[in-house]
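Commentary on secondary and tertiary structure
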Amino acid sequence: MTINEIQDEIIEEFDLFDDWEGKYEYIIDLGKKLPKLADEYKNEDNIIKGCQSIVWLHAYKKDGKLFFEADSEAIIVKGLVSMLVKVMTNHTPEEIATANLYFIDKVGLASHLAQTRSNGLASMVKQMKAYAIAYQAND
């Protein structure tokens, strides 16, 4: 699936909920389903700057595509980063670097998250794109 197809799928999933209470529960559920990040990647180098909660992000390249693994101590944040991992993983660095992540606005995350969480989400996106640009430069 393309980045946009995955985003459209997330938008459809959020459309199933009538209110934000249900959407928050869904985000929490996504966080609970996020695969555990290996302890070796829970280090200072992998902490995303600009997040109120601690968020670890590990990126690696395989067969020309980038893969992301992440974790957080905060369950809502874990759910948010799980959506980004779902959207951005298994795509080329160029696709990730140039992706327009419209699902964040379409599902209402930008307007329903606290300012600090919204800033943290932007920091996560920025870090993922930074990894993509760095991997592009190394090609």
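The coordinates are above.
Notes on the structure follow. Treat the numbers as computed from the prediction; the structure is a model and nothing was measured. (Residues numbered from 1 in each chain as written. Predicted model: local features only at pLDDT ≥ 70, side-chain atom pairs only at ≥ 80, totals over all residues. Heavy atoms only, no water.)

Further remarks concern helix α3 (residues 75-88). With 14 residues, α3 should reach 20 Å at 1.5 Å per residue; the first-to-last C-alpha distance of 20 Å fits that figure. Most of α3 sits inside the fold, with 12 of its 14 residues counted as buried. One or two steps after α3, the chain reaches N90, where phi turns positive at roughly 70°. (Helix = DSSP H or I, 4+ residues; strand = E, 2+ residues; numbered from the N terminus. Expected span 1.5 Å × (residues − 1). Buried < 20%, exposed > 50% of the residue type's maximum accessible area, 1.4 Å probe, protein only.)

Below, the discussion takes up the packing of aromatic side chains. Here the structure, examined in full by the defined rule, presents 6 aromatic pairs. Look at F14 and Y26: their rings are 5.5 Å apart centre to centre, the planes differ by 85°, and that puts the pair in the edge-to-face class. Linking F14 in helix α1 (residues 3-15) with Y26 in helix α2 (residues 20-33), this pair joins segments that are 12 residues apart in sequence. Taken as a pair, F14 and Y26 share a single burial class, namely buried. Consider the rings of W20 and Y24, whose centres lie 5.2 Å apart with planes at 55°: the pair is tilted. On the criterion of helical spacing, the pair formed by W20 and Y24 is a turn pair, its members being 4 residues apart in helix α2. The class of W20 is buried, set by a relative accessible area of 14%. Taken together through their ring pairs, the aromatic side chains of F14, F17, W20, Y24 and Y26 make up a single cluster. (Phe/Tyr/Trp six-rings, centres within 6.5 Å; stacked < 30°, edge-to-face > 60°.)

Moving on, we come to unusual backbone geometry. Notably, D63 is not glycine yet its phi reads approximately 55°, a positive angle. Tracing the backbone shows D63 in the loop between β1 (55-62) and β2 (65-72). One non-glycine residue, N90, lies in positive phi territory at about 70°. The topology assignment puts N90 in the loop between α3 and α4 (93-98). On the basis of relative accessibility, which here comes to 39%, the residue N90 falls in the partly exposed class.

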